[in-house]
Amino acid sequence: MDEAEKTRSNVFTLHGEKRWRAVVEYEHANGPVTVQHLFEELSELPGLIERGPDWSALIRCTITLNRPDDGSGQNRMAQSARRGNRG
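These remarks concern the structure in this document. None of the values given here were measured: they were computed from a predicted structure.

**Digging into the overall build of the protein chain**
Each helix and strand in the protein chain was counted, giving three helices and four strands. The proportion of buried residues among the 87 residues of the protein chain is 24%. Taking all contacts inside the protein chain whose residues are at least 6 apart in sequence as the whole, residues at least 24 apart take part in 57%. Carbon and sulfur atoms make up 51% of the accessible area of the protein chain, which totals about 6,300 Å².

**Observations concerning the pattern of salt bridges**
Under the counting rule described, the total for this entry stands at three salt bridges. Taking the shortest distance from any N to any O, the salt bridge between R60 and E25 comes out at 2.4 Å. A residue pair is termed long-range when its members are at least 10 positions apart, and R60 in strand β4 (residues 58–65) and E25 in strand β2 (residues 20–26) qualify at 35 residues. Given a relative accessible area of 17%, E25 falls into the buried group.

**So, the nonpolar core**
Within the largest apolar cluster, ten residues are counted, these being W20, A22, V24, Y26, V33, V35, F39, L45, L48 and I49. Counting residues per element, the ones that place at least two in this core are β2, β3 (33–39) and α2 (45–50).

**Examining the environment of R60**
Relative accessible area serves as the criterion here: at 45%, R60 is assigned to the partly exposed category. Along the backbone, R60 and E25 are 35 residues apart, and their C-alpha atoms lie at a distance of 5.3 Å. Setting aside residues no more than four positions away along its own chain, R60 makes contact with V23, V24 and E25.

**With respect to the side chain of E25**
Side-chain polar atoms of E25 contact the side chain of R60, separated by 2.4 Å. When sequence neighbours within four positions are dropped, the list of residues in contact with E25 reads P32, V33, T34, A57, L58, I59 and R60.

Here is what the cut-offs are and how they apply
- Residues numbered from 1 in each chain as written.
- Predicted model: local features only at pLDDT ≥ 70, side-chain atom pairs only at ≥ 80, totals over all residues.
- Heavy atoms only, no water.
- Helix = DSSP H or I, 4+ residues; strand = E, 2+ residues; numbered from the N terminus.
- Buried < 20%, exposed > 50% of the residue type's maximum accessible area, 1.4 Å probe, protein only.
- Contact = heavy atoms within 4.5 Å.
- Areas by Shrake-Rupley, 256 points an atom, 1.4 Å probe, with all protein chains shown as cover.
- Salt bridge = Lys/Arg side-chain N within 4 Å of Asp/Glu carboxyl O.
- Core = buried A, V, L, I, M, F, W, Y, C linked by side-chain atoms within 4.5 Å.
- Polar contact = N/O pair within 3.5 Å; in protein donor to acceptor, adjacent residues only side chain to side chain.

As structure tokens, then:
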């Protein structure tokens, strides 16, 4: 299996950027295989994992917001709101 096969992407676009990103790592004879999924609703993830590779070889699944930035803007707003609530 070459590097291109080791990292596959199942990106389904209905409108713009998808909200969630899941990076799923599977065991394989040639070493771990990573598959990235971009999707809109968390309820879509089980179906994506069921499509394969074999879910029984799953090592880990990391789910994050699919953000164009590093989240710093939202983090600043949350920190500011917490400081404001302290009084």
